[in-house]
Amino acid sequence: DAMVIQNPRYQVTQFGKPVTLSCSQTLNHNVMYWYQQKSSQAPKLLFHYYDKDFNNEADTPDNFQSRRPNTSFCFLDIRSPGLGDAAMYLCATSGRTISSETQYFGPGTRLLVL
Amino acid sequence: AQSVSQHNHHVILSEAASLELGCNYSYGGTVNLFWYVQYPGQHLQLLLKYFSGDPLVKGIKGFEAEFIKSKFSFNLRKPSVQWSDTAEYFCAVTSSGGYQKVTFGTGTKLQVIP
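Keep in mind it's a predicted model, so treat the numbers as computed, not measured. (Residues numbered from 1 in each chain as written. Chains lettered and ligands numbered in written order. Predicted model: local features only at pLDDT ≥ 70, side-chain atom pairs only at ≥ 80, totals over all residues. Heavy atoms only, no water.)

Draft legend 1. Main features of the pairing of strand β8 (residues 64-68) of chain B. Residue and element names in this part refer to chain B. Relative to β8, strand β7 (residues 56-58) is paired through three bridges, and the arrangement is antiparallel. The partner of V57 across the bridge, within β8, is A65. The turn joining β7 and β8, which pair antiparallel and follow one another in sequence, is formed by five residues; a positive phi near 60 degrees is taken by K61. Bridging between β8 and strand β9 (residues 73-78) involves five bridges; their strand directions are antiparallel. Bridge pairing in β9 links I68 to S73. From the end of β8 to the start of β9, which pair antiparallel, there are four residues, and F72 there has a positive phi angle of about 50 degrees. (Pairing = 2+ DSSP bridges. Helix = DSSP H or I, 4+ residues; strand = E, 2+ residues; numbered from the N terminus.)

Draft legend 2. Quick look at the nonpolar core. Counting 28 residues, the largest nonpolar core has W35, L47, L48, F74, L76 and Y89 of chain B as its most contacted members. Those elements that place two or more of their residues in this core are β2 (10-14), β3 (19-21), β5 (31-38), β6 (45-50), β8, β9, β10 (87-95) and β12 (108-113) of chain B. One finds V19, W34, F47 and Y49 of chain A within the second-largest nonpolar core, a separate group that totals 18 residues. (Core = buried A, V, L, I, M, F, W, Y, C linked by side-chain atoms within 4.5 Å. Buried < 20%, exposed > 50% of the residue type's maximum accessible area, 1.4 Å probe, protein only.)

Draft legend 3. Highlighting the state of the cysteines. A complete count under the given rule lists two disulfides over all chains for this structure. Residue pairing for C23 of chain A: its cysteine sulfur links by disulfide to C91 of chain A, the two sulfurs lying 2.0 Å apart. Judged by the sign of its S-S torsion, about -75 degrees, the bond between C23 of chain A and C91 of chain A is left-handed. Of this pair, C23 of chain A sits in strand β3 (residues 19-25) while C91 of chain A sits in strand β9 (residues 87-94), and the two are 68 residues apart along the sequence. Residue C91 of chain A is classed as buried on the basis of its relative accessible area of 0%. In this model, C23 of chain B is linked to C91 of chain B through a disulfide, with the two sulfur atoms separated by 1.9 Å. (Disulfide = S-S within 2.5 Å.)

Draft legend 4. Region of interest: the pattern of salt bridges. One pass over the full model with this rule turns up seven salt bridges over all chains. Residue D77 of chain A is joined to R67 of chain A by a salt bridge in which the shortest nitrogen-to-oxygen separation is 2.7 Å. Taken together, the residues D77 of chain A in strand β8 (residues 73-78) and R67 of chain A in strand β7 (residues 64-67) connect sequence positions 10 residues apart. A single salt-bridge network, built from bridges that share partners, covers K58, E64, E66 and R77 of chain B. (Salt bridge = Lys/Arg side-chain N within 4 Å of Asp/Glu carboxyl O.)

Draft legend 5. Focus on the sheet that holds β7 of chain A. Residue and element names in this part refer to chain A. Reading across the sheet, the four strands line up as β1-β3-β8-β7 and stay open at both edges, with antiparallel pairing between neighbours. Sheet topology places β1 (4-7) and β7 at the edges, where each strand pairs with a single neighbour. Sheet twist, expressed as the average angle between the axes of neighbouring strands with direction ignored, equals 20 degrees. With six bridges connecting them, β3 and β8 associate as antiparallel partners. Its bridge partner being in β8, T20 is matched across the sheet by D77. (Axes fitted to C-alpha atoms, helices over the stretch in contact; angles between N-to-C directions.)

Draft legend 6. Highlighting a nonpolar patch on the surface. Together, V12, L112 and L114 of chain A line one region of the surface with nonpolar side chains, adding up to about 290 Å² of accessible area. By secondary structure assignment, the location of L114 of chain A is in the segment after β11 (109-113). (Patch = residues over 30% accessible without salt bridge, like charges linked within 9 Å, V, L, I, M, F, W, Y side chains within 5 Å. Areas by Shrake-Rupley, 256 points an atom, 1.4 Å probe, with all protein chains shown as cover.)

Draft legend 7. Molecular detail of the packing of aromatic side chains. One pass over the full model with this rule turns up 16 aromatic pairs over all chains. Plain terms: the ring middles of Y36 of chain B and F104 of chain B are 5.8 Å apart, the flat faces sit at 55 degrees to each other, and that makes the pair tilted. With Y36 of chain B in strand β5 and F104 of chain B in strand β11 (residues 103-104), this residue pair connects regions lying 68 residues apart in the sequence. When sorted by exposure, Y36 of chain B lands in the same class as F104 of chain B, which is buried. Chaining the aromatic ring pairs together yields one cluster made of Y33, Y35 and F105 of chain A together with F34, Y36, F90 and F104 of chain B. (Phe/Tyr/Trp six-rings, centres within 6.5 Å; stacked < 30°, edge-to-face > 60°.)

Treat this as a map of the structure, not an account of what it does.
Put into structure tokens, the structure is as follows:
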């Protein structure tokens, strides 16, 4: 009965080698979000999609890109991972973008950069 | 810009003790407030939220939180904790009327000792 699924749960990549993290959802939600969470820090929003409309946060580095080929799937691409990109990456969904809406999170993908 | 402060980073309690986790936010306008919980090995999930009406909000598993506008606070409480409440708790805020950008606090790790 998983609602937001993230694969893989752990990802190891090399410095500078592109990596893609995936997220899928069975909730049929319009909105999908990607957060970065470093150790002992708050989750930080990178960007979100409302349907096919992409919304980037102003301080998200260009190194981070995203794709949403359909309602169910969303991908996070890190073009040239640096050591500072090692973190937990959380995917979340919501039905709408109104501010009182609950977000539903996946289990996260922990990225390690060697 | 809005911000959220959780002053207790790590709390250790014995079973049956009462719990209060502090959350203060900084934002000049109307807000929606959330508490999310992350149990060990699980994903972030909603515990409770406030967006209007009664400032005392009741959530799952016996948790409640009180919105005190004059103090910019939304503290989480539970009269008697159980070992199964061991988790990390995140306070979060969105600006009412805005789109659903969630600002999270840094989290409080609660450890309940049997």
